[in-house]
Amino acid sequence: MHLIFVVCQWLEQTSIGTVIRESLWLFPVIETVHIFGIILLVGGTSILDLRLMGLTFRDEAVSKLARRFLPWAWAGFIIQVTTGLLMFSSEATKMYVNRAFQVKMLLIVAAGVNALVFHSLAYQSVGKWDKDPVAPMSARVAGLISILFWFGIVAMGRWIAYV
Amino acid sequence: MGNFFAGLEHAAWVMKIAETGWLYATVSVTHYFTLFVLVGTIVLVDLRILGVAARSQTVTQLGETLFPWTWTALGLALLSGFLMFTTDGGDYYPDPVFRVKMTVILLALISAVIVQRNFRKWGQAPVISTGAKLVAFVSIVLWVGAILAGVEIAAISGLG
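Notes on the structure in this doc start here. (Residues numbered from 1 in each chain as written. Chains lettered and ligands numbered in written order. Predicted model: local features only at pLDDT ≥ 70, side-chain atom pairs only at ≥ 80, totals over all residues. Heavy atoms only, no water.)

A few words on the overall build of chain A. Regarding its fold elements, chain A presents eight helices and zero strands. In chain A, the succession of α and β elements from N to C terminus is α-α-α-α-α-α-α-α. Overall size of chain A, expressed as C-alpha extent along the three principal axes, is 55 × 30 × 25 Å. Expressed as a percentage of its 163 residues, the buried residues of chain A come to 42%. Put simply, of all contacts in chain A between residues at least 6 apart along the chain, 77% involve residues at least 24 apart. With the model as given, the accessible surface of chain A reaches about 9,000 Å², and the carbon-plus-sulfur share is 73%. Counting 13 positive and 9 negative side-chain charges, chain A places the averaged centre of each group 6 Å from the other. (Helix = DSSP H or I, 4+ residues; strand = E, 2+ residues; numbered from the N terminus. Buried < 20%, exposed > 50% of the residue type's maximum accessible area, 1.4 Å probe, protein only. Contact = heavy atoms within 4.5 Å. Areas by Shrake-Rupley, 256 points an atom, 1.4 Å probe, with all protein chains shown as cover. Lys, Arg positive; Asp, Glu negative; His and termini not counted. Charge placed at Lys NZ, Arg CZ, Asp CG, Glu CD.)

What follows is the structure, given as C-alpha cells:
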C-alpha cells in the first residue's frame, strides 16, 4: 500500500483526528478559523499581486506594500497550515482520494514555487522599479499567476465538498 | 412559506442547478468568495474602529474605500445564497441551524448599517467613542457567528 495512504490511515485514528471527526462543533469551529485565515492569507497576497500587476496602489512602493502585507499573509499561512492539518487528520483517507483536495494541494505547491521564483529572480531588482506604477513583465506575470493560483486554491477548497 | 419553498424546489431552473453538479458547486464557490469580500471588508473597518489594524488610514478613508466592495459582495452573497437555498428550500426553511444563521446575519447587517451611517462622524472625532467600539466589536462577533452557523448547517443538519 502507498506510504502516504498509510500515513493518512494512521492520522485518522490518532486521538486528535478521532476527536475532531466525532465532534459536532470542533470541525466547524476549525473550519471557521480556516475561513478567516483565508482572508488574511489571500487578502495579503492579492493586494501585493494586484500592485505588481499595476491594478491598485500604483502610488505606493512595491517593497513598502510587501513589508506591510506579507507579515499578515505569513500569519494567515501559519493559521491555514495548522487548521488545515487538523481538519485533514479527521478525514485523511477521504481526502487522499478526493480530486478537488489533490488539485488544491498541487496548486499550493505551485503557488509556493511561483513565489519562490519571483523572490529569487524578479524581486531581486526591485530597487530599480519599486516606485514604477507598473512593474516589469516578469513581476506582472508572477502577480497574475499568484492570484490565479490562490483563487484556484480557495475554489478547490470549497469544491472538496462536492466531489 | 415552507410549502412555497418546497414547491420552488421543483421549478425547472432550480432543478437544473440542483442536478448539475458543477453548476451547484460554482454557485457555492461564488458564495464562498463573496463572503470573504463581505466579511473581510467589514471586519477590517471594525478593527480600525477598535484601533487594532490599518491605523495609517482614518476610519473615513478606509470606509469610503471598502464599503462599495462590501455592498456589492452582499448583493452577490444574497443572490448565490438564495440560489443554493432554493435547491433544498423545503428542508432549509424549517431547519433550526439555518434559522440561527439567518438571524445572526440579520443582526450583523443591522450593525453594518449602523457603522455605514456613522463611520464618517466617528472618524472625525479626536477619540473614537466607546459606543462606536462596542458596535464594531459586536459586529465582528456576529460575523464570526454567521460563518460558524453556516458551517454548522452541514455538520448538524446535513444540508448543503
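Back to the text.
Here we come to the packing of helix 6 (residues 99–120) of chain A against helix 8 (residues 137–159) of chain A. Residue and element names in this part refer to chain A. Between helix 6 and helix 8, whose axes approach to 9 Å, the crossing angle comes to 160°. Of the possible angle classes, the one that applies to helix 6 and helix 8 is roughly antiparallel. Judged by the sense of rotation from one axis to the other, the crossing of helix 6 with helix 8 is left-handed. In contact with Ala100, Val103, Lys104, Leu107, Ile108, Ala110, Ala111, Asn114 and Phe118 of helix 6, helix 8 contributes Ala139, Ala142, Ile145, Ser146, Phe149, Trp150, Gly152, Ile153, Met156, Gly157 and Trp159. (Axes fitted to C-alpha atoms, helices over the stretch in contact; angles between N-to-C directions. Parallel < 35°, antiparallel > 145°, perpendicular 65-115°, else oblique. Left-handed = near helix turned anticlockwise from the far one by under 90°.)

Glancing now at the interface of chain B and chain A. Of the residues lining the interface, 23 residues belong to chain B; the matching set on chain A comes to 17 residues. Overall, the association of chain B and chain A removes approximately 2,000 Å² of surface from exposure, summing both partners, and the carbon and sulfur fraction of that is 81%. Inspection of the chain B/chain A interface yields zero salt bridges. Remark: the boundary between chain B and chain A carries three residue pairs in polar contact (both at pLDDT 80 or more). Among the elements of the structure, helix 3 (21–49) and helix 7 (130–157) of chain B are those that each provide at least two residues to the side of chain B that touches chain A. Here the element with the most residues in the side of chain B that touches chain A is helix 3 of chain B; it accounts for 13 residues. (Buried area = accessible area lost by both parts, 1.4 Å probe. Salt bridge = Lys/Arg side-chain N within 4 Å of Asp/Glu carboxyl O. Polar contact = N/O pair within 3.5 Å; in protein donor to acceptor, adjacent residues only side chain to side chain.)

Glancing now at the pattern of salt bridges. Oppositely charged side chains may form a pair once their charged atoms are brought near each other. Evaluation of the coordinates by the stated rule reveals three salt bridges over all chains. Residue Lys94 of chain A pairs with Glu91 of chain A through a salt bridge whose shortest N-O separation is 3.7 Å. Under the relative-accessibility criterion, Lys94 of chain A is labelled exposed at 54%. With a shortest N-O distance of 2.9 Å, Arg120 of chain B and Glu64 of chain B are connected by a salt bridge. Remark: Glu64 of chain B occurs in helix 4 (residues 59–86) and Arg120 of chain B occurs in helix 6 (residues 96–124); sequence separation between them is 56 residues.

Compared with the 40 Å implied by 1.5 Å per residue over 28 residues, the 38 Å span of helix 4 of chain B between its first and last C-alpha is a close match. Considering bend angle alone, the principal kink of helix 4 of chain B is centred on Leu66 of chain B and spans about 35°; proline Pro68 of chain B follows within four residues of it. (Expected span 1.5 Å × (residues − 1). Bend = angle between axes of the 7 residues up to and from the residue.)

Residues and elements named next belong to chain B. If you trace the backbone, Thr34 turns up in helix 3. Judged by relative accessible area, Thr34 falls into the buried class, the value being 6%. Setting aside residues no more than four positions away along its own chain, Thr34 makes contact with Ala73, Leu76, Ala77 and Ser80.

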